[in-house]
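Report on the structure
Each chain, written out:
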Amino acid sequence: MSKVEEFAELRPLLFSIAYRILGSVGEAEDAVQETWLRFDGSATRPTSAKAFLSAAVTRISIDVLRSARVRREEYVGPWFPEPLLSDPYEDPARAVELADSVSMAALLLLERLSPLERAVFVLREVFAFGFDEIAVSVGRSEAACRQLLVRARRHMEAGRPRFAADRQERRELATRFFDALKDGDVGGLRELLAADVRMVGDGGGKAPQLAQAVMGAENVARVLGTVFPWLIRIDVSFEPREINGQPGAIFRDRDGKVLHVLVLDVLDGQIQTVRAVINPDKIGHIGPVADAWAVDREVKRVRRQPN
C-alpha cells in the first residue's frame, strides 16, 4: 500500500487513541493531522506503519495534554470532554470496552492521571498494546510503563462505579427520561433519577448555565421539568442520540443550530448524573452553533408574558 492508503486504514485507530488521551475532538483531529505530516515527511519507510503512527500520535497527544492541563486548571466552571457522536475505531471483540472507555465518566476519571499514566492506560487497557510498543510510544522503559499502569489502574478503580447498566437498559431508561422531559413531567423524571443524582453544566463562561451543579432527585427533576417545556415553547427541539457511548440528546434551536448536548450516566437502574455541554467551543464539530444567549433571552421574555 501507499503511505496515503496505510494512513487512511489506521486513521480511525489514531483518532480513537488521541481522543481518549485528550478528551477533545478538535485536539485529537489536530494530533492525527500532525501525525500524518510526520509520517509523510519521514525519509524512510517504517517496518510497521501501525507502530510508527501509534507512537507518533501518542507522543503528540501527551505534549498537547501537558499544555492543555494548564488551561483546564483555569477553566471557568466544570470541565467536560467534547461530545463524541461515534467512535471511528471498531473492534467487535472489544466493543464493550471501547464504548465504556469513551464515556464521559471514564474520560473524567482519566483526568485524574498524569499525561504519561493516561497514555499508558489507554494503550494497554483499551487497545491492548504490548508493553514493548507502549515503551516506544511514551519514551520510557517497559518496567517504568508497568509501574505507570499500576498507578493508573489504582486511580481508575478508586473512582469506578460498582454497577454498570447494560445497553438495552440504558436505552429504555433514556427513552422514558426524554419522554418525561418533553412533557415537563416532574414526577416521571423523579422516578428515573437516583436519590443523589447530580446535574452539572459545562458552559466555560461562554454560555448561560443550565446548572453548574444541582443535587438530589427532587431538585434535578424540578429544574428539568421547569426549564425544558419553556425551551420547547420557543421551538427548541432535541434529537436523542448515543453520545460517548451513553444515552443523550442534541438540542437545537428553531433554525436547527446546536444549542447544547445532554448526556446521561445510567447505573444500577437509575440515572446517576445528567451532564450538559453548553460551551459553544465544544459543540461546533457537531454542526453550526446556536446563540445560546439569544435563546436564554427569548425564554425569559416568554416567561414574563401573561398567560
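Conventions and cut-offs
Per chain, the residues get numbers from 1 upward, laid out in the order the sequence is written. For this predicted model, a pLDDT threshold of at least 70 governs which residues receive local features, and a threshold of 80 or more governs which side-chain atom pairs are given and counted, while totals over whole chains, interfaces and linings are taken from all residues. Side-chain metrics in this entry use all non-hydrogen atoms of the structure; hydrogen atoms and water are not considered. Among buried residues, those of type Ala, Val, Leu, Ile, Met, Phe, Trp, Tyr and Cys that are joined through side-chain atoms within 4.5 Å constitute a nonpolar core. For each residue, the accessible area found with a 1.4 Å probe, counting protein chains only, is set against the maximum for its type, and the residue is called buried under 20%, exposed over 50%, and partly exposed in between. To qualify as a helix, a DSSP run of H or I must reach at least 4 residues; to qualify as a strand, a run of E must reach at least 2; elements of each kind are numbered from the N terminus. Residue contacts follow a heavy-atom distance rule, with two residues in contact if any of their heavy atoms lie within 4.5 Å. Any two strands between which DSSP finds at least two bridges are classified as paired. Every angle, taken between N-to-C directions, lies between 0 and 180 degrees, and every axis is a line fitted to C-alpha atoms, over only the stretch in contact when it is a helix. Between 65 and 115 degrees an angle is taken as roughly perpendicular, under 35 as roughly parallel, over 145 as roughly antiparallel, and anywhere else as oblique. Should the near helix be turned anticlockwise from the far one by less than a right angle, the crossing is left-handed, and should it be turned clockwise, the crossing is right-handed. Helix span, as expected, comes to 1.5 Å for every residue beyond the first. Each direction from the helix axis to a C-beta atom contributes to the arc, which is the arc of those directions. Polar contacts, as counted here, are pairs of nitrogen or oxygen atoms within 3.5 Å of one another; within protein the pair requires one atom able to donate a hydrogen and one able to accept it, and residues that are adjacent in sequence qualify only if both atoms are side-chain atoms. Aromatic rings from Phe, Tyr and Trp, taking only the six-membered ring of Trp, are treated as a pair when their centres fall within 6.5 Å; an angle between ring planes under 30 degrees marks them as stacked, one over 60 as edge-to-face, and anything in between as tilted. In our convention, an over-ring charge means Lys NZ or Arg CZ found within 6 Å of a ring centre and within 35 degrees of that ring's normal.

1. A word on the nonpolar core
Of all hydrophobic cores here, the largest spans 47 residues; its most connected members are Ile17, Tyr19, Phe127, Ile134 and Val138. Those elements giving two or more residues to this core turn out to be α1 (3–22), α2 (25–41), α3 (49–73), α5 (104–110), α6 (115–126), α7 (131–138) and α8 (142–159). By residue number, the principal contributor to this core is α1, which donates 10 residues. In this view, Ile17 contacts Ser54, Val57, Thr58, Val122, Leu123, Phe127 and Phe129; residues no more than four positions away in its chain are not counted. Within the second largest apolar cluster, 39 residues are counted, among which are Leu181, Leu192, Ala249 and Leu262.

2. A word on the pairing of strand β3 (residues 237–243)
Alignment of β3 against strand β4 (residues 246–252), held across seven bridges, turns out to be antiparallel. The residue of β4 that forms the bridge with Ile243 is Gln246. With antiparallel pairing between neighbouring strands as the criterion, β3 and β4 make up a hairpin whose turn holds two residues, including Asn244 at a positive phi of roughly 55°.

3. A look at the packing of α3 against α7
Taken N-terminus to C-terminus, the directions of α3 and α7 make an angle of 50°; their axes are 8 Å apart at the nearest point. On the basis of their axis angle, the class for α3 and α7 is oblique. Note on packing geometry: the crossing formed by α3 with α7 is right-handed. Contacts between α3 and α7 involve Ser54, Ala55, Thr58, Arg59 and Ile62 from the first element and Val136, Ser137 and Val138 from the second.

4. A few points about helix α12 (residues 292–304)
Between its terminal C-alpha atoms α12 stretches 19 Å, which fits the 18 Å expected from 13 residues at 1.5 Å a residue. Buried residues of α12: Ala292, Val295, Glu298, Val299 and Val302, and no others. One face of α12 carries all of its buried residues, which in axial projection span an arc of 120°. Facing away from the buried side of α12 by over 90 degrees, the exposed positions are Arg297 and Arg304. The inward-facing, buried residues of α12 contact α11 (217–233) and β5 (258–267). The N-cap residue of α12 is Asp291: its side-chain oxygen and the backbone nitrogen of Trp293 are 3.1 Å apart.

5. Re unusual backbone geometry
Apart from glycine, the bulk of residues carry a negative phi angle, and the bulk of peptide bonds sit in the trans form. The phi angle at Asp235 is positive, at roughly 75°, despite the residue not being glycine. Here Asp235 is to be found in the loop between α11 and β3. Residue class for Asp235 comes out partly exposed when judged on its relative accessible area of 46%.

6. Some remarks on the packing of aromatic side chains
Counted under the stated rule, the structure contains nine aromatic pairs. Relative to Tyr19, the ring of Phe15 has its centre 6.1 Å away and its plane inclined at 15°; by these criteria the two rings are stacked. Remark: Tyr19 and Phe15 occur in helix α1; sequence separation between them is four residues, near one turn of the helix. For the pair Trp36 and Phe39, a centre-to-centre distance of 6.2 Å together with 65° between the ring planes defines the contact as edge-to-face. You can see Trp36 and its partner Phe39 sitting in helix α2, three residues apart, about one turn around the helix. Taking the relative accessible area as the measure of exposure, Trp36 reaches 16% and is therefore buried. Put simply, the rings of Phe177, Phe178, Phe228, Phe238 and Phe251 pair up and form one aromatic cluster. Residue placement shows Arg146 over the ring face of Phe131; its charged tip is 4.1 Å from the ring centre.

7. Quick look at the sheet that holds β4
With mixed pairing, the six strands of this open sheet are ordered in space as β2-β1-β6-β5-β4-β3. With one partner strand each, in any of the chains shown, β2 (214–215) and β3 form the two edges of the open sheet. Of the pairings in the sheet, the one linking strand β1 (residues 193–202) to strand β6 (residues 270–277) comprises six bridges and is parallel in character. Within β6, the position partnered with Met199 by the bridge is Val274. Against the sheet, helix α9 (residues 167–183) touches β1, β3, β4, β5 and β6, its axis set at about 130° to β5.

Limitation: the analysis is restricted to geometry and does not speak to function.
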